[in-house]
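The chain contents come next:
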Amino acid sequence: MSKTKGNLGYRVALGGLLVAMMLILGYVETLLQGLIPMPVPGIKLGISNGVLLFALYLMDIRSTVILMVLKVLLSGLLFGNPMTMLFAFCGGALSLIGMIPLSRVKGLNIVTVSMVGAVLHNVGQIIAAMFVMTEVSPAILLRYLAILMVAALITGAATGILAREVIKRLRHTVKRKMGR
Amino acid sequence: MDRKRNGLVILALLLIIAIITGVSLLWPKERRNSAITVTDPGGQSTDLLPDDPEENEDDRVEFAELEPGEPRAWLLITVDDKVYPPYPLIRSGHYTVSQKKKNAVNVIYVTEDSMRMTSSSCDDQLCVREDAVTLDNKAGRSEGSLIVCQPNGVTLELLDADEYAEWAAGQ
């Protein structure tokens, strides 16, 4: 499907670059987490979502999904444990399920789509947590989720604005190279 | 950029957050391990002790601290086959025994020298119909010092000072 559209070589190279970006940005995020006091642990900036948005808008859907899976796998192997991989995958999957159709809807601002993605990411993670961490009561997880979701609106907006600006400046170059 | 659509999506997000927040606040809190709770007249709820022998040890210490001779009567509650340490009756009030697993509730009204079952969730209500057991009448009653709620498995016994001393000595 996507192999016929555009330049495969360019897409592979760009994909590799984006995955590397996500890994580095994810690592930088974990460094920053200790600095800013948070009411609740685990609130992340989620710049990876921004990179995925970049891929979503300038590349095709299949590549974006592959990028998400690669990021979860690699950052799990490099920085985390299999447990975080599960949570990250659930969050990323739900987030893409929301972002992919919304990105194709006409008239929707990318910032809005990013906010949806961020919120869904947290929802996915908490749902996974409910199944894995059975000793914690759902009530506590749900309260945690509520706080996370509010934070996700803010971080989603920030990531969305970032993605928008990057896309604005790079879209012509990418489109040209992709052969469209 | 279509403002209305964006606004709608954001509104939907906020709605979902509101719902999650509401559900999380209203979700009934998980009771701790114990499925049986006794609420004393002071309003304090204590979970009746589980079978764990270690926990019963702590309880023995509590008894040593009780001033002998101050209360005149004790309420001994037995739920199924678990006997719980007697409650000294130093003031009147209601004890509530709730058993989550059976959905059974029994309410006991005690005074310094008596006890009776004021309400129960059982079908036959025989326990409620019993008159109060007092230190005076307990010798003459056919059931002795006992009130039994057989469907809920709750047995109440009124202990006087001698019986209580016997019970404490037997621990």
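Remember, it's a predicted structure, so these values are computed and weren't measured experimentally.

**Overview of the confidence of the model for chain B**
Residue and element names in this part refer to chain B.
- Taken over all residues, the pLDDT of chain B has a mean of 75, while the share at 70 or more is 74%.
- Looking at the elements of chain B, mean pLDDT is at its lowest for helix α2 (residues 53-65), recorded as 39, and at its highest for strand β10 (residues 146-149), recorded as 89.
- Note that pLDDT drops below 50 for residues 49-69; the model gives that stretch 13 contacts with residues more than four away or on any other chain.
- Among the scores for the predicted complex, ipTM is 0.75 and pTM is 0.58.

**Quick word on the packing of helix α6 (residues 138-178) of chain A against helix α1 (residues 3-26) of chain B**
- Interhelical geometry of α6(A) versus α1(B) gives an angle of 155° and a closest axis separation of 8 Å. Classified by the angle between their axes, α6(A) and α1(B) sit roughly antiparallel to one another. Relative to α1(B), the crossing made by α6(A) is left-handed. Contacts between α6(A) and α1(B) involve Ala139(A), Leu142(A), Arg143(A), Leu145(A), Ala146(A), Met149(A), Val150(A) and Leu153(A) from the first element and Leu13(B), Ile17(B), Ile20(B), Thr21(B), Val23(B) and Ser24(B) from the second.
- Residue composition of the contact of α6(A) with α1(B), by class: 11 nonpolar, two polar and one charged.

**Overview of the interface of chain A and chain B**
- At the interface, 17 residues of chain A touch 15 residues of chain B.
- At the level of elements, α5 (110-132) and α6 of chain A are the ones that each hand at least two residues to the side of chain A that touches chain B.
- When residues of the side of chain A that touches chain B are assigned to their parent elements, the largest contribution, nine residues, is made by α6(A).

**Regarding the nonpolar core**
- Core analysis: the largest hydrophobic core is formed by 43 residues, its most contacted members being Leu18(A), Ala55(A), Val119(A) and Met149(A).
- Contributions of two or more residues to this core are made by α1 (8-33), α2 (47-58), α3 (61-79), α4 (82-104), α5 and α6 of chain A together with α1 of chain B.
- Sorting elements by how many residues they give to this core places α5(A) first, with 10 residues.
- Those residues within four positions of Met149(A) in sequence are excluded, and the remaining contacts are Val119(A), Asn122(A), Ile17(B) and Ile20(B).
- Trp74(B), Leu89(B), Cys122(B) and Cys149(B) belong to the second largest nonpolar core, which has 24 residues in total.

Analysis parameters
Residues numbered from 1 in each chain as written. Chains lettered and ligands numbered in written order. Predicted model: local features only at pLDDT ≥ 70, side-chain atom pairs only at ≥ 80, totals over all residues. pLDDT = per-residue confidence, 0-100. Helix = DSSP H or I, 4+ residues; strand = E, 2+ residues; numbered from the N terminus. Contact = placed C-beta atoms within 7 Å. Axes fitted to C-alpha atoms, helices over the stretch in contact; angles between N-to-C directions. Parallel < 35°, antiparallel > 145°, perpendicular 65-115°, else oblique. Left-handed = near helix turned anticlockwise from the far one by under 90°. Nonpolar A, V, L, I, M, F, W, Y, C, P; charged D, E, K, R; others polar. Core = buried A, V, L, I, M, F, W, Y, C linked by C-beta atoms within 7 Å. Buried ≥ 20, exposed ≤ 12 C-beta atoms within 10 Å, placed from the backbone.

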